[in-house]
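These are the residues of each chain, in order.
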Amino acid sequence: MDVDRREFFASVGVGALAAMSHEDRAEELEHFMIHRLDDSIRPPRKYADEEVKEMQEAVTRRGVGRLFVKGDGDPLEPMPKNATLEDFFRLRFAPANHVLQSAAHALQTGQPERTILACLLHDTVQALIRVDHGYWGAALFEPYVDERISWGIRYHQALRFYPDESVGYEYPELYNRMFGEDYVPEPYIKEAYEYARNHSWYMESRLITVNDTYGFQKGVEVSIDPFIDFIGRHFKQPKEGLGNDNSASAHMWRSIANPDRPL
Ligand SMILES: [Fe+2]
Ligand SMILES: [Fe+2]
């Protein structure tokens, strides 16, 4: 996917971009690309007028989840009583084209089933919150998946900044072009990378970053259907429905289901 520098700078604001850390700029770029991809399927949000748009942007911090910014698509469709992961994909994460494309690449290239599911889930938590999404995503899925899947999701956030030639993962050239050659990840990212690099589960996370780079193809729409069986095999769907099962992350699922609740 080509990124128009000018369009990107204009969307964030050159002043705002200059004030950001390198890590924040990289995050902003990823979100910009994910949104552009979704916009190619679902028209971008429309605001009543420029004034409303400006007000919205003035009161919303950048790390807030997509569901917490009102726009087209409101009011949200209610979730069914015993909501499944598939329901969340259709009613809250959609179109989710970036994660679907990543998972499709893992599937087409014959990667392990765990990797396919990890790719499918890796950025979905951004509906709830964007900042530090690897950690939030791991927490959201931990009660329901093999520990290696949530572990991989946690560390993909750091690993994407570090190349690994053994699997053909290069430092994203895009980051050089957008932010210059002087990009330095923050210390906590570097520490997380070093920890993950030396862990026996390293590849669980590394493969997410490899497939991630294939998840920005404009005009390619992927359905959830080919992944339903993988979900059935690897995701421990609670019979009470996600959010009603008292798990350690049930409150997060409820927040995604009902972002309009006042408290
Ligand atoms: Fe990510
Ligand atoms: Fe991603």
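In case you missed it, the structure is sitting above this.
Residues numbered from 1 in each chain as written. Chains lettered and ligands numbered in written order. Predicted model: local features only at pLDDT ≥ 70, side-chain atom pairs only at ≥ 80, totals over all residues.

Peer 1: Would you mind going over the overall build of the protein chain with me for this structure?
Peer 2: Each helix and strand in the protein chain was counted, giving 14 helices and 0 strands. Tracing the protein chain from N to C terminus, the helices and strands come up as α-α-α-α-α-α-α-α-α-α-α-α-α-α. In terms of C-alpha radius of gyration, the protein chain reaches 18 Å, essentially the compact-globule figure of 18 Å for 263 residues. By its C-alpha atoms, the protein chain is 50 × 50 × 35 Å across when sized along the principal axes. (Helix = DSSP H or I, 4+ residues; strand = E, 2+ residues; numbered from the N terminus. Rg over C-alpha atoms; globule rule 2.2 N^0.38 Å.)

Peer 1: Quick question: what am I supposed to make of the packing of helix α9 (residues 147-159) against helix α12 (residues 202-212) here?
Peer 2: Angle between the axes and distance between the axes are the two parameters that describe a pair of packed helices. Relative orientation of the contacting elements α9 and α12 amounts to 60 degrees, with a least axis distance of 7 Å. With respect to their mutual orientation, α9 and α12 come out oblique. α9 and α12 meet at a crossing whose hand is right-handed. Of the residues in α12, those touching α9 at Arg148, Trp151, Gly152, Ile153, Tyr155, His156 and Leu159 are Glu204, Ser205, Arg206, Ile208, Thr209 and Asp212. Split into classes, the residues belonging to the contact of α9 with α12 amount to 5 nonpolar, 4 polar and 4 charged. (Axes fitted to C-alpha atoms, helices over the stretch in contact; angles between N-to-C directions. Parallel < 35°, antiparallel > 145°, perpendicular 65-115°, else oblique. Left-handed = near helix turned anticlockwise from the far one by under 90°. Contact = placed C-beta atoms within 7 Å. Nonpolar A, V, L, I, M, F, W, Y, C, P; charged D, E, K, R; others polar.)

Peer 1: Would you take a moment to explain the packing of helix α7 (residues 113-121) against α12 for this structure?
Peer 2: It is the contact of α7 with α12, at a shortest axis distance of 9 Å, that shows an interaxial angle of 60 degrees. In terms of orientation, α7 lies oblique with respect to α12. Crossing of α7 over α12 shows right-handed handedness. Facing Arg114, Thr115, Ala118 and Cys119 of α7, the residues of α12 in contact are Glu204, Leu207, Ile208 and Asn211. Tallied by class, residues from the contact of α7 with α12 come to 4 nonpolar, 2 polar and 2 charged.

Peer 1: Explain the nonpolar core to me, please; I cannot follow it from the model alone.
Peer 2: With 51 residues, the main nonpolar core has Ala103, Leu117, Cys119, Leu120, Leu128, Phe141 and Ile256 as its most contacted residues. Looking at this core, the elements with two or more residues in it are α5 (85-93), α6 (97-108), α7, α8 (133-141), α9, α11 (187-197), α12 and α14 (250-257). Setting aside chain neighbours within four positions, we find Leu128 in contact with Gly65, Leu67, Trp136, Met252, Ser255 and Ile256. (Core = buried A, V, L, I, M, F, W, Y, C linked by C-beta atoms within 7 Å. Buried ≥ 20, exposed ≤ 12 C-beta atoms within 10 Å, placed from the backbone.)

Peer 1: Even after reading the chapter, I still don't get α8, so can you show me in this structure?
Peer 2: Three or four residues apart is the spacing at which side chains of an α-helix point the same way, because the helix has 3.6 residues per turn. Where burial is concerned, most of α8 is hidden: 7 out of the 9 residues are buried. Along α8, the residues classified as buried are His133, Gly134, Trp136, Gly137, Ala138, Leu140 and Phe141. Where α8 is buried, its residues touch α7, α9 and α14.

Peer 1: Could you clarify how one ought to interpret unusual backbone geometry in this entry?
Peer 2: Peptide bonds are, in most cases, trans, and in most cases residues other than glycine have a negative phi. Going from Ala94 to Pro95, the amide bond is cis rather than trans, its omega being 0 degrees. Mapped onto the elements of the fold, Pro95 is located in the loop between α5 and α6. A positive phi angle, close to 50 degrees, is found at Ala96, a residue other than glycine. Structurally, Ala96 is set in the loop between α5 and α6. For Ala96, a count of 25 C-beta atoms within 10 Å gives the class buried. One non-glycine residue, Asp132, adopts positive backbone phi at about 50 degrees. Tracing the sequence through the fold places Asp132 in the loop between α7 and α8.

Peer 1: Sorry if this is basic, but what is going on with α9 here?
Peer 2: A rise of 1.5 Å per residue sets the reference length of α9, with its 13 residues, at 18 Å; its end C-alpha atoms lie 18 Å apart and thus fit the reference within 8%. A bend of about 25 degrees at Ile153 is the largest found in α9. Within the span of α9, buried status applies to Ile149, Ser150, Trp151, Gly152, Ile153, Arg154, Tyr155, His156, Gln157, Ala158 and Leu159. (Expected span 1.5 Å × (residues − 1). Bend = angle between axes of the 7 residues up to and from the residue.)

Peer 1: Help me out: how do you make sense of the environment of Lys81 in this one?
Peer 2: Structurally, the position occupied by Lys81 is in the loop between α4 (50-59) and α5. With 159 residues separating them along the chain, Lys81 and Glu240 place their C-alpha atoms 8.2 Å apart.

Such coordinate-based values are descriptive only and should not be taken to indicate function.
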